[in-house]
Amino acid sequence: VAAINPDVRVVPIRARLDKDNAREIFRDFQVIADGSDNFPTRFLVNDAARLEGKTLVSAAILRFDGQLSTYRPGGPCYRCIYREAPPEGHVPTCSSAGVLGAMAGTMGAMQATEVIKELLGIGESMAGRLLIYDALAVAFRTVRVPRDPGCPLCGDHPTITDLSAHGSTANACG
């Protein structure tokens, strides 16, 4: 990266993200980008970013479907859409259902664009909105996501105030 642009500084983090280090890792960054492939990691990243007051740009894919959203402090969070992870076995995993590489490229490129927009403060943010992409129909739709006053993380009376409820490791991929 430095050979391409010497003004870019890469900060390698040689640690597996977990409940004990997530907040510390996120603390020094302005925007967090999540493209994890499992619910425990997605909830850990969401919760840590929110507790640290960081903007989170989240992208997810499964087969031919993708989702993209931005969660800013003060607005809705991932838990406003998905209160908790579905019971194991109710939703296929990436490893069991498959992931189309082109979908990862499409959603990853859109996620990178959203991160740049957030850092530069330009364009229309995805905050408070969820983009849903159906590659088989080549259709995009955007739905509004309001902050849920009953959300256990960002609601009016939060019950999640630390990361203690998360497992010892998030089981992140790669």
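Only a predicted model underlies this, so the values are computations on that prediction, with no experimental measurement involved.

1. Some words on the overall build of the protein
Stage number 1. Within the protein, the secondary structure is distributed over five helices and five strands.
Stage number 2. Each helix (α) and strand (β) of the protein, taken in turn from the N terminus, gives the series α-β-α-β-β-α-α-α-β-β.
Stage number 3. Rg of the C-alpha trace for the protein: 16 Å, near the compact-globule value of 16 Å for 174 residues, within the 12% margin.
Stage number 4. Over its C-alpha atoms, taken along the principal directions, the protein stretches across nearly 40 × 40 × 35 Å.

2. Section: the pairing of strand E2 (residues 55-62)
Stage number 1. Burial within E2 is extensive, with six of its eight residues counted as buried.
Stage number 2. In terms of strand pairing, strand E1 (residues 31-34) meets E2 through four bridges, oriented parallel. Directly across from Ala33, in E2, lies its bridge partner Val57.
Stage number 3. Where E2 and strand E3 (residues 65-71) come together, seven bridges link them in antiparallel fashion. Paired with Leu56 across the bridge in E3 is Tyr71.
Stage number 4. Here E2 folds back onto E3 in antiparallel fashion, the turn holding two residues, of which Arg63 has a positive phi close to 55°.

3. What to know about the sheet that holds strand E4 (residues 129-134)
Stage number 1. Read from one edge of the open sheet, five strands run E1-E2-E3-E4-E5, paired in mixed fashion. A single partner strand is all that each edge strand has here, and the edge strands are E1 and strand E5 (139-144). On average, each strand axis in the sheet is tilted by 15° relative to the strand beside it, whichever way the strands run.
Stage number 2. Of the strands in this sheet, E1, E2 and E3 are in contact with helix H2 (residues 39-51), which crosses E2 at around 170°.
Stage number 3. Its contacts with the sheet place helix H5 (residues 101-120) against E1, E2, E3, E4 and E5, and it is angled at close to 170° to E2.

4. Quick notes on unusual backbone geometry
Stage number 1. Despite not being glycine, Arg63 has its phi angle at roughly 55°, a positive value.
Stage number 2. Positionally, Arg63 belongs in the loop between E2 and E3.
Stage number 3. A positive phi is found at Val138, a non-glycine position, where the angle reads about 50°.

5. Here's the deal with the packing of aromatic side chains
Stage number 1. Taken as a whole, this structure holds five aromatic pairs when the rule is applied.
Stage number 2. Here Phe39 and Phe43 contribute two aromatic rings whose centre-to-centre distance is 6.4 Å and whose plane-to-plane angle is 40°, an arrangement assigned as tilted. Placement of the pair is Phe39 and Phe43 together in helix H2, with a separation of four residues, close to one helical turn.
Stage number 3. Judged by relative accessible area, Phe39 falls into the partly exposed class, the value being 26%.
Stage number 4. Among the residues examined, Phe43 registers a relative accessible area of 4% and is labelled buried.
Stage number 5. Ring geometry for Tyr71 and Tyr78: centres 6.3 Å apart, planes at 80°, overall edge-to-face. Accessibility assignment for this pair places Tyr71 and Tyr78 in one class, buried.

6. Some remarks on H2
Stage number 1. Between its terminal C-alpha atoms H2 stretches 18 Å, which fits the 18 Å expected from 13 residues at 1.5 Å a residue.
Stage number 2. Counted residue by residue, H2 has 10 buried out of 13 residues, so it is predominantly covered.
Stage number 3. Of the positions making up H2, those classed as buried are Thr41, Arg42, Phe43, Leu44, Val45, Asn46, Asp47, Ala48, Ala49 and Arg50.
Stage number 4. Looking one or two places after H2, you find Gly53, whose phi comes out positive at around 70°.

7. Quick look at empty space enclosed by the protein
Stage number 1. This structure, assessed with the given rule, holds one cavity of 30 Å³ or more.
Stage number 2. Taken as a whole, the largest cavity holds about 40 Å³ of empty space.
Stage number 3. What lines the largest cavity is simply Arg42, Ser58, Ala60, Gln67, Leu68, Ser69, Tyr71, Tyr78, Tyr82 and Leu130.
Stage number 4. If you list the elements that add at least two residues to the lining of the largest cavity, you get E2 and E3.
Stage number 5. Ranked by the residues each element gives to the lining of the largest cavity, the list is headed by E3, at four residues.

Each value, and the rule that gives it
Residues numbered from 1 in each chain as written. Predicted model: local features only at pLDDT ≥ 70, side-chain atom pairs only at ≥ 80, totals over all residues. Heavy atoms only, no water. Helix = DSSP H or I, 4+ residues; strand = E, 2+ residues; numbered from the N terminus. Rg over C-alpha atoms; globule rule 2.2 N^0.38 Å. Buried < 20%, exposed > 50% of the residue type's maximum accessible area, 1.4 Å probe, protein only. Pairing = 2+ DSSP bridges. Axes fitted to C-alpha atoms, helices over the stretch in contact; angles between N-to-C directions. Contact = heavy atoms within 4.5 Å. Phe/Tyr/Trp six-rings, centres within 6.5 Å; stacked < 30°, edge-to-face > 60°. Expected span 1.5 Å × (residues − 1). 1 Å grid on protein atoms, 1.4 Å probe; cavity = no way out; pocket = protein on both sides within 12 Å on 5 of 7 lines; lining within 4 Å. Points joined across faces, edges and corners; volume = space filled by probe spheres on them.

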